[in-house]
Number of protein chains: 2
Amino acid sequence: MTPAWLSLPCRAPDAAAAEHAEARQAQLTKPPASLGRLEALAVQLAALQGRERPSLERVQACVFAADHGVAAQGVSAFPQAVTAQMLRNFVTGGAAVSALARAQGAALEVVNLGTAHDPGPLPGVIDARIAPMTADFTQQPAMTAPQLAAALDAGRQAVQRAVQAGAQLFIAGEMGIANTTAAAALACALLGEPPVALSGPGTGLDDAGVARKAAVIERALARHAAQLHDPLEALRCLGGFEIAALTGAAIACGQAGLPLLVDGFIVTAAVLAACRLAPGVRDWLLFAHRSAEPGHARLLTALDANPLLALELRLGEGSGALAAVPLLRLACALHQGMATFAEAGVTGGPR
Amino acid sequence: MTPAWLSLPCRAPDAAAAEHAEARQAQLTKPPASLGRLEALAVQLAALQGRERPSLERVQACVFAADHGVAAQGVSAFPQAVTAQMLRNFVTGGAAVSALARAQGAALEVVNLGTAHDPGPLPGVIDARIAPMTADFTQQPAMTAPQLAAALDAGRQAVQRAVQAGAQLFIAGEMGIANTTAAAALACALLGEPPVALSGPGTGLDDAGVARKAAVIERALARHAAQLHDPLEALRCLGGFEIAALTGAAIACGQAGLPLLVDGFIVTAAVLAACRLAPGVRDWLLFAHRSAEPGHARLLTALDANPLLALELRLGEGSGALAAVPLLRLACALHQGMATFAEAGVTGGPR
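Note that this is a predicted model, so its numbers are computed, not measured.

What counts, and at which threshold
- Residues numbered from 1 in each chain as written.
- Chains lettered and ligands numbered in written order.
- Predicted model: local features only at pLDDT ≥ 70, side-chain atom pairs only at ≥ 80, totals over all residues.
- Heavy atoms only, no water.
- Helix = DSSP H or I, 4+ residues; strand = E, 2+ residues; numbered from the N terminus.
- Rg over C-alpha atoms; globule rule 2.2 N^0.38 Å.
- Buried < 20%, exposed > 50% of the residue type's maximum accessible area, 1.4 Å probe, protein only.
- Areas by Shrake-Rupley, 256 points an atom, 1.4 Å probe, with all protein chains shown as cover.
- Lys, Arg positive; Asp, Glu negative; His and termini not counted.
- Charge placed at Lys NZ, Arg CZ, Asp CG, Glu CD.
- Least-squares fit on C-alpha atoms with pLDDT ≥ 70 in both.
- Contact = heavy atoms within 4.5 Å.
- Buried area = accessible area lost by both parts, 1.4 Å probe.
- Salt bridge = Lys/Arg side-chain N within 4 Å of Asp/Glu carboxyl O.
- Polar contact = N/O pair within 3.5 Å; in protein donor to acceptor, adjacent residues only side chain to side chain.
- Nonpolar A, V, L, I, M, F, W, Y, C, P; charged D, E, K, R; others polar.

Considerations on the overall build of chain A
Tallying secondary structure elements over chain A gives 14 helices and 6 strands in all. The C-alpha atoms of chain A give a radius of gyration of 20 Å, which matches the 20 Å a tight globule of 351 residues would have. Within chain A, buried positions represent 63% of all 351 residues. Of the accessible surface of chain A, which amounts to about 11,800 Å², a share of 53% is contributed by carbon and sulfur atoms. Separation between the mean location of the 24 positive side-chain charges and that of the 27 negative ones in chain A comes to 3 Å.

Structure (structure tokens):
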């Protein structure tokens, strides 16, 4: 039942490259450790890229989109039509993730895993439709086992394309009306937290809406209680096509040794599932930002993650991850471009 | 005694442009306010640039360098020779600020206000030397009144050159062995805080060094107590040539209507002095990062400032400000490049 590829081993980061990078940092013309997290980032990227001087020319972003049966429970501020409409907006360049990718020369791919409304032919969107939407998980499991396998595999295929294209960093984004509900339900199952702790406003619910959302998740957790000890079953019962694709992409990143820059609440829930299924994935994760969605903090704690940014973003699409790309690039530029004490004739450096 | 130009009025930001920018934000294809601080940044830049759609092609960074007589009290981990050595490193491209400016196409200017060691002829360094260093402020005022006037004016001239060159954003950095001591002393005088509250490790003092630094500041505050109620006198008695230049630059930015992206501890102390002398300056300040230097938090609170980044930087040179430039640019790219609900045919937007 479990797709065989999920249990392939993850690669290990290159400890020797990290050591060489650390030694270089100590020789650069600055007080020791004065570049703080930008130093640590350069060293981490050295380990992940397997070379003393990492660089980040080729960034691949991929947005996975899908609709959710649980939207019928009135858990989103937007109608389901928006998912299909946004697919078009991604590829015509008008969405936040499109503008961010364009501004930074990042490649952007869009994968449709199934929308309630047919978006029509959309050049630039990869058609990987599994069904018009998941099942309403207050009534039955969100996905069948073959549907889950297809969604996980769509994530793996996106990573394979990125590796093929020579990407040095993968960013996974998502779009799907009601998907903070699915992500919160999955997070509750993985963390053993109550729904109130992980239900937030998402794209704009009011307090009553958040309470309704928590109640919906409560019912789902009760219905599927017998399955939820297994992370893969939790993903099948409570997740979404795009969430499972994100989980598959994270595992594939670990297996391929491609660093994944993690976006906000939904992506973090999906990578937590990935880490439960394949703990080696954790080594390949960088965390971009702390979202305004209140439950994000608990997910980050569970992953021992300290994101680079905290800009009160709560848009999704991979937008927060793309916003952090410049910091990674600047960390590389400093590591590569600064002179050593010896080169510059400046007093200081390791004694 | 007070240079007359200091009391010229500051410009006012453009409230109408901010309103138009806010109206545009509400129409872009995203849940309301979901881009958090990136939305607020775009609106603020619209007000400062006086147009609905701000942009940030031309960024001018300027590093002011000078030596400090108080270095004789053993308050720095590095010898004074480093100030002159770093001047060369700035213009030959090996310093952190050089690498950051290069990576982002920002123009970088270096102004020498007086170094203990003669750096020799350095193409690319603007020679504005006032004296080899300030006086040791534990013994006498750091500067004479004409020296202070010259330093303030050097800052103003740098801003005038930036305006002439069409800069849309000014970044001021600093270099000077022992200048966290001068900045902390100035901050104590302006805030009425005790030295222990504002003395930190700077470029790398141990605990005993920090305690010695606080004691040195204590003696200086006692010696100059009668002068310190006046911000300009506090700057003259306790500041440095580069710190006064930063203060002058901040006031000139307010007068010219050129946004200033504030760096770390030392620059923040200097702009606090500027805001005391000319409260209208505050409107033109953007805050880049929260430094690892412990006293920075108090300065930020006094200025009601919430910086964009917190990356544990403590290098100075303007490096933290340059690290935040990409966020300003991405805020502009989103504001300019995203489609409206109407343009994209997406359901939503203001009702």
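After that view, the rundown keeps rolling.
Topic: the relation of the copies chain A and chain B
You can overlay chain A on chain B at an RMSD of 0.0 Å; the transform is a turn of 180° with a shift of 0.0 Å along its axis. Within this description, the copies of the chain are treated as partners about a two-fold rotation axis. The residues that chain A uses at the interface reappear at the interface of chain B in 100% of cases, marking a shared surface.

With respect to the interface of chain A and chain B
Often, the extent of an interface is quoted as the loss of accessible area upon association of its parts. Facing 48 residues of chain A, the contacting portion of chain B comprises 48 residues. Together, the buried faces of chain A and chain B total about 3,900 Å²; carbon and sulfur atoms form 70% of this surface. In this assembly, chain A and chain B are joined by 0 salt bridges. Here chain A is connected to chain B by 16 residue pairs in polar contact (both at pLDDT 80 or more). Taken together, the elements giving at least two residues each to the side of chain A that touches chain B come down to helix H2 (36-49), helix H3 (81-92), helix H4 (96-104) and helix H13 (319-337) of chain A. With 8 residues, H13(A) is the largest single contributor of residues to the side of chain A that touches chain B. Split by residue class, the side of chain A that touches chain B holds 30 nonpolar, 13 polar and 5 charged.

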